[in-house]
Amino acid sequence: MKKISLLFLNFLVVLLISCESKKQEQASHDVDTVTVVEEQKPKVTLEEVWSSDTTLKTPESVIFDEGKKILYVSNVNGDPTATDNNGFISKVSLDGKIENLEWVKGLSAPKGLGLNKNILFVTDINKLVEIDTDKGKIVKTYNVPGAKFLNDVFVTSQGVVYFSDSETNKIHKLENGKITVFSDQNLNKPNGIFIKDSTLFLASMGSSDFKAINMTTKKDSVLATGIGMGDGVEYVGTGNDFLVSDWEGGIYYISDGKSQKLIDSKEQKVNTADIEFIPSEDLLLVPTFFRNKLVGYKLKK
C-alpha cells in the first residue's frame, strides 16, 4: 500500500508540473501575440524642427503660399468673437522667422485661411474677406447673413470657396461672387475642412469626430471619433491619410479609419489650432493660439 501511495504521489507531482508548464507556455504565447499587434500600429512620428518667437498674437490658422514661398498666419489678437479691429495677418518664413508681423491689419478676429492664386480668403467672425497678396491689402468683404463664428476655409482648384460656421452649424460656399449654404445637415460645431475627389472631409468641435461628406448627396460617414475639439484638417498626400488637430492640444494621424495620436499637449495647455501641411517638405505647421507662436514639425513615416 505504501509503495502504491508513493507511486500515485509521484504521478500527481508530474501532472502538476506538466500543467504549470503549459500555463507558462500559453502566457508566453499571449504576450507574443500582443507584441505583434503593437508592431502593426502605424509608425508615424512628429519631430519639432523649429519654433517661432512669441510675438504673434493668438495665432489661429496658417497657410503656405507656394508661389511666394511664404506662410500667412491669422492673428486673433484678443477675443475671438469681438468686433474690435485688433486682428491681423502675419508673414512668416519657412524656417519660422517673422518677416512682417502686421502685414495686413483692419480685421477683428481672423481665423481660417484659403488661397487662390494671389487672393487670400479669410474668415472674420461674420464676414469673408479677400486680401490681394501682391498688394498686401483687403480688396473685398462679403457679409454672410446670419453668420456668428466663421471658422475654417478651403478653396478648390476651380476657385470655389467653402467655409464653416461653428456656431450656426453650417458650411457656406462662395461661387461666382455669390454666397450660399452648402450644408446645414447633421453638423455639430463644424470646423476643419479639406476637399478631395468630390468628398468634403470635416473635423467637428462639438461631436469630436472626423467625417467624410459626399458633396453630391450630402450623406456623411464617420471615419474617426474621439478627436476632442476638432480643428484643422490636412491631407498628407498619399492614400486616405490625414492629419487632424484638436484645438485643446492634440495632433492625430488618421489612415483608413484608424487614428494615432502624435501629439498630446493638453496638460501643458499648448493649443494646436488650424494646421497646415506641406507634402514636399513633410512639414506640419501648428499655430499654438494662446502660446503666441508657430511650431514646425517634420512628419516621419
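Residues numbered from 1 in each chain as written. Predicted model: local features only at pLDDT ≥ 70, side-chain atom pairs only at ≥ 80, totals over all residues. Heavy atoms only, no water.

Asks: Help me out: how do you make sense of the overall build of the protein chain in this one?
Replies: The number of helices and strands found in the protein chain is 1 helix and 24 strands. Counting the 301 residues in the protein chain, one finds 48% classified as buried. Taking the intrachain contacts of the protein chain between residues at least 6 apart in sequence as the baseline, contacts between residues at least 24 apart amount to 41%. About 15200 Å² of surface is accessible on the protein chain, with carbon and sulfur atoms providing 50% of the total. (Helix = DSSP H or I, 4+ residues; strand = E, 2+ residues; numbered from the N terminus. Buried < 20%, exposed > 50% of the residue type's maximum accessible area, 1.4 Å probe, protein only. Contact = heavy atoms within 4.5 Å. Areas by Shrake-Rupley, 256 points an atom, 1.4 Å probe, with all protein chains shown as cover.)

Asks: Please clarify how the pairing of strand S10 (residues 150-155) should be interpreted in this entry.
Replies: When a strand is regular, its side chains alternate between the sheet's two faces. S10 sits mainly inside the fold: 6 of its 6 residues count as buried. If you look at the hairpin formed by S10 and strand S11 (residues 161-165), you'll find 5 residues sitting between the two strands, and Gly159 has a positive phi there, around 85°. (Pairing = 2+ DSSP bridges.)

Asks: Just to check I follow, could you spell out the layout of surface pockets for this structure?
Replies: Size it by volume and the largest pocket reaches roughly 660 Å³. Ile63, Phe64, Phe194, Glu234 and Glu276 are the residues nearest the centre of the largest pocket, which is lined by 29 residues in total. Per-element tally for the lining of the largest pocket: the top contributor is strand S2 (residues 59-65), with 5 residues. Space inside the second largest pocket adds up to approximately 160 Å³. Lining the second largest pocket, in full, are Glu60, Val76, Pro80, Lys111, Phe149, Asn151, Asn191, Met205, Met229, Asp231, Trp247 and Phe289. A class-by-class count of the residues in the lining of the second largest pocket yields 7 nonpolar, 2 polar and 3 charged. (1 Å grid on protein atoms, 1.4 Å probe; cavity = no way out; pocket = protein on both sides within 12 Å on 5 of 7 lines; lining within 4 Å. Points joined across faces, edges and corners; volume = space filled by probe spheres on them. Nonpolar A, V, L, I, M, F, W, Y, C, P; charged D, E, K, R; others polar.)

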